[in-house]
Amino acid sequence: MLYYITGGERSGKSNYAQQLALQLSETPIYLATSRVWDADHQQRIDRHIQERDHRWTSIEEEKEIAAKIPKNSVVVIDCVTLWLTNFFMDAQNDVTVALEQAIAEFNKLLTIDATLIIISNEIGMGVHATTKIGRKFTELQGWMNQHIAKHAHKAILMVSGIPVTIK
């Protein structure tokens, strides 16, 4: 089963995903995709880890997430935006290369017998990026979101903490 949860920044995506995972499993996995970019980012990561209790197993993986998912598990993947950033940066901001690599890795997830709850951001709904690199990343994010949503069994848009079923 593939759940896709999207929305704007601080819209309640992670909280909703974690509550869903706890409804589906007594021992869910939280797969974090972020690199540590600076001290502030590390504090944010530490805060997220502290918010989860003993029921959670935390795994960190920047790109090759399919290899980290056990069969028959419930896994929250948080988040596509940070995961894509890793591909985008490693591809020297080449949208085509980053998208091909991310789609290839995502497609591996479709072969795993597990319940996946994938969190992403709708960055194209916000302020228009003022830089070329920002606009390129917005395109990458939008195309990847479409690919994930196409394969999702259920898609939720979070708006001000309220889940809205879109698929």
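Description of the structure in this document.

## Here we look at the layout of surface pockets
Next, step 1: Here the largest pocket defines a volume of roughly 880 Å³.
Next, step 2: Taken together, 37 residues line the largest pocket, and the ones lying closest to its centre are Arg10, Arg44, Cys79, Leu82 and Asn121.
Next, step 3: Listed by contribution, the elements that provide at least two residues to the lining of the largest pocket are α1 (13–24), β2 (29–32), α2 (39–51), β3 (57–60), α3 (80–90) and α5 (132–151).
Next, step 4: Element by element, the count of residues in the lining of the largest pocket is highest for α2, at seven residues.

## Here we look at empty space enclosed by the protein
Next, step 1: Here the structure, examined in full by the defined rule, presents one cavity of 30 Å³ or more.
Next, step 2: Empty space within the largest cavity amounts to approximately 40 Å³.
Next, step 3: If you go around the largest cavity, the residues you meet are Ile65, Ile77, Val80, Trp83, Phe106, Leu109, Ile118 and Ile148.
Next, step 4: Contributions of two or more residues to the lining of the largest cavity are made by α3 and α4 (95–109).
Next, step 5: Here the lining of the largest cavity is built from residues that sort into eight nonpolar, no polar and no charged.

## Re the pairing of β2
Next, step 1: Burial along β2 is two-sided: the face carrying Ile29 and Leu31 and the face carrying Tyr30 and Ala32 are both buried.
Next, step 2: Both β2 and β3 contribute to a ladder of four bridges, which runs parallel. Each bridged residue has a counterpart across the sheet, and for isoleucine 29 the counterpart in β3 is threonine 57.
Next, step 3: Once the chain exits β2 it traverses α2 before rejoining the sheet at β3, and the crossover so formed is right-handed.
Next, step 4: One ladder, built from four bridges, connects β2 with strand β4 (residues 74–78); its direction is parallel. When the bridges of β4 are listed, isoleucine 29 appears paired with valine 75.

## Here we look at the packing of α4 against α5
Next, step 1: For the pair α4 and α5, interaxial distance at closest approach is 10 Å and the crossing angle is 25°. If you check the angle between α4 and α5, you find them roughly parallel. In terms of crossing hand, the pair formed by α4 and α5 is right-handed. Between α4 and α5, the residues in contact are Val95, Ala98, Leu99, Ala102, Ile103, Phe106 and Asn107 and Lys136, Leu140, Trp143, Met144, His147, Ile148 and His151, respectively.
Next, step 2: Among the residues making up the contact of α4 with α5, the classes are represented as 10 nonpolar, three polar and one charged.

What counts and how
Residues numbered from 1 in each chain as written. Predicted model: local features only at pLDDT ≥ 70, side-chain atom pairs only at ≥ 80, totals over all residues. Heavy atoms only, no water. 1 Å grid on protein atoms, 1.4 Å probe; cavity = no way out; pocket = protein on both sides within 12 Å on 5 of 7 lines; lining within 4 Å. Points joined across faces, edges and corners; volume = space filled by probe spheres on them. Helix = DSSP H or I, 4+ residues; strand = E, 2+ residues; numbered from the N terminus. Nonpolar A, V, L, I, M, F, W, Y, C, P; charged D, E, K, R; others polar. Buried < 20%, exposed > 50% of the residue type's maximum accessible area, 1.4 Å probe, protein only. Pairing = 2+ DSSP bridges. Right-handed = clockwise from strand over helix to strand, strands pointing away. Axes fitted to C-alpha atoms, helices over the stretch in contact; angles between N-to-C directions. Parallel < 35°, antiparallel > 145°, perpendicular 65-115°, else oblique. Left-handed = near helix turned anticlockwise from the far one by under 90°. Contact = heavy atoms within 4.5 Å.

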